[in-house]
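Residues per chain, in single letters:
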Amino acid sequence: MSLKHTDPQAYALLERECRFRAESFDLVPSDNHPSPSVLEAERMYPLFYSENDGRNFYYPGCVTVKEVEELAKARALALFPGAEHVNVKPTDGTRGNEAVYRALLRNGDTILSLGLADGGHLSHGLKWNYSGQDYKIVSYEVTSDGRLDYDQIRELALREKPKMIIAGGSSCPFQFDFATFGAIAKESGALLHADISHFVGLVITGHHPSPFPFADSMMTTVQKTLKGQKGAIAFCRASEARNLDRSVFPGVMAHATGAQLLAKAVAFAEAAQPSFKTYIDRVVENIQALASEFLACGFKLVAGGTKTHLLILDLRGMSMNGKEGEAKLEAAGLLANKQLVPKDPNPPTITSGIRFGSPAVTARGLGPDDMRAIARWVKRLLLDGEDPARVREEVKALALRHPVPGLGS
Ligand SMILES: *Cc1c(COP(=O)(O)O)cnc(C)c1O
């Protein structure tokens, strides 16, 4: 019996969601569409408890899961030359960061990280997150034109003497110069933690500098530009391996399922293929096409453009805020999220910007011409005040020609 017959109510929600996704474009830069192989690995591997610390298994029947985890570890390490130790268990990035902090820091230690309003992540010190409660947070900011100021970061590091500096963020059209971060960390006596969750695919394919050998620890999510299922992996130096592994299990987690581990292993193998390099090349080409067409349409971009897979429209001085813009785009089937811009006068629930990314639409096979078409739809919606219903039909027609991988059409 299929779900359609056993639970029509649940099935109807599933079907509606799939149809909505098939008829829309996901331009949220943290979203992506994993390959059918990744989806199959996660769906088909049986569910059973296999809690372990790498040496001791606490349940019987762990026949292949140990090999699954070893495979995921070997493949993860192979993606990042210079990395020494990896833990592939974390179920999400927020957890992965927590495990790293608990392995390397003590409560009350100071962390220097990118401010949340400037593109940092909530696990880098939001006051309602464990990170903001367990550690003293000092923030570096981006300049008013949306760039990192390494002199300011160095000055802050020398003055505040943080135990850890975090390089990385979620809404950054600029790149992180890990060599410079490494030098600042060394000079100020801090550890360097790299959080490459968003731009990991660019690191693997050489479009963004690698954190190694400069970072003492690194964390990345698997579901974003790495194109896997929901999950994360955390790295540290060989000397801290035991510490990190204990911090993950039993420190912040109990069980990581074999299904999650197998799906990670499959995604890591795919990321090592030439086809993944081709995919990320296209992600970069596509965001550049979107950026130039936005500029040609008369939009302003934070930092003037982008060196990553995402860009931020700066709506200051226009008749519409980020929240209103997001709603208009959504009504037309274009999903892009409201986003604070540097020194934003609006609160995070309103904002003055909208963030766009190319990973998910590139996974559906869109190219630069399609990206320019998207920019012109956005112009008609946000600048010309056109009715979203008309644009919706055009979006739907293009979307249906590009099925979501693993979803059919
Ligand atoms: C997405 C992200 C995370 C957390 O990922 P979740 O899996 O959503 O917990 C952590 N750090 C950065 C920089 C991110 O962009």
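Quick notes on the rules
- Residues numbered from 1 in each chain as written.
- Predicted model: local features only at pLDDT ≥ 70, side-chain atom pairs only at ≥ 80, totals over all residues.
- Heavy atoms only, no water.
- Helix = DSSP H or I, 4+ residues; strand = E, 2+ residues; numbered from the N terminus.
- Buried < 20%, exposed > 50% of the residue type's maximum accessible area, 1.4 Å probe, protein only.
- Domains from an automatic or database assignment.
- Contact = heavy atoms within 4.5 Å.
- Buried area = accessible area lost by both parts, 1.4 Å probe.
- Salt bridge = Lys/Arg side-chain N within 4 Å of Asp/Glu carboxyl O.
- Polar contact = N/O pair within 3.5 Å; in protein donor to acceptor, adjacent residues only side chain to side chain.

## So, unusual backbone geometry
- For the bond from Phe212 to Pro213, the omega torsion is 10 degrees, close enough to zero to count as cis.
- You can see Pro213 is positioned in the loop between helix 9 (200-204) and strand 7 (217-221).
- Residues Phe249 and Pro250 are joined by a peptide bond in cis, for which omega reads 5 degrees.
- In this fold, Pro250 is placed in helix 10 (residues 241-252).
- Notably, Lys227 is not glycine yet its phi reads approximately 70 degrees, a positive angle.
- Assignment of secondary structure puts Lys227 in the loop between strand 7 and strand 8 (232-236).
- In this model, Thr351 sits at a positive phi of 65 degrees, which is unusual for a non-glycine residue.
- When you line up the elements, Thr351 lands in the loop between strand 12 (337-339) and strand 13 (353-357).
- Residue Thr351 is classed as buried on the basis of its relative accessible area of 2%.

## Quick word on the domain arrangement of the protein
- Considered domain by domain, the protein is made up of domain 1 (39-271) and domain 2 (280-400).
- Between the C-alpha centres of domain 1 and domain 2 the distance comes to 29 Å.
- The interface of domain 1 with domain 2 comprises 23 residues on the first partner and 20 residues on the second.
- Across the domain 1/domain 2 interface, buried area totals approximately 1,700 Å², and carbon plus sulfur atoms make up 61% of it.
- The largest per-residue losses of area from domain 1 upon contact with domain 2 belong to Ser171, Pro173 and Leu202, which jointly make up 30% of the total buried on that side.
- Where domain 1 packs against domain 2, one counts one salt bridge.
- Linking domain 1 with domain 2 are 13 residue pairs in polar contact (both at pLDDT 80 or more), by the criterion used here.

## Details of the pattern of salt bridges
- Throughout the structure, instances matching the rule amount to 22 salt bridges.
- Put simply, Arg376 and Glu293 hold a salt bridge, and the shortest N to O gap is 3.2 Å. Of this pair, Arg376 sits in helix 15 (residues 368-382) while Glu293 sits in helix 12 (residues 274-296), and the two are 83 residues apart along the sequence.
- We classify Glu293 as buried; its relative accessible area is 15%.
- Taken together, the shared-partner salt bridges in this structure form one network comprising Arg380, Glu386, Arg390 and Glu394.

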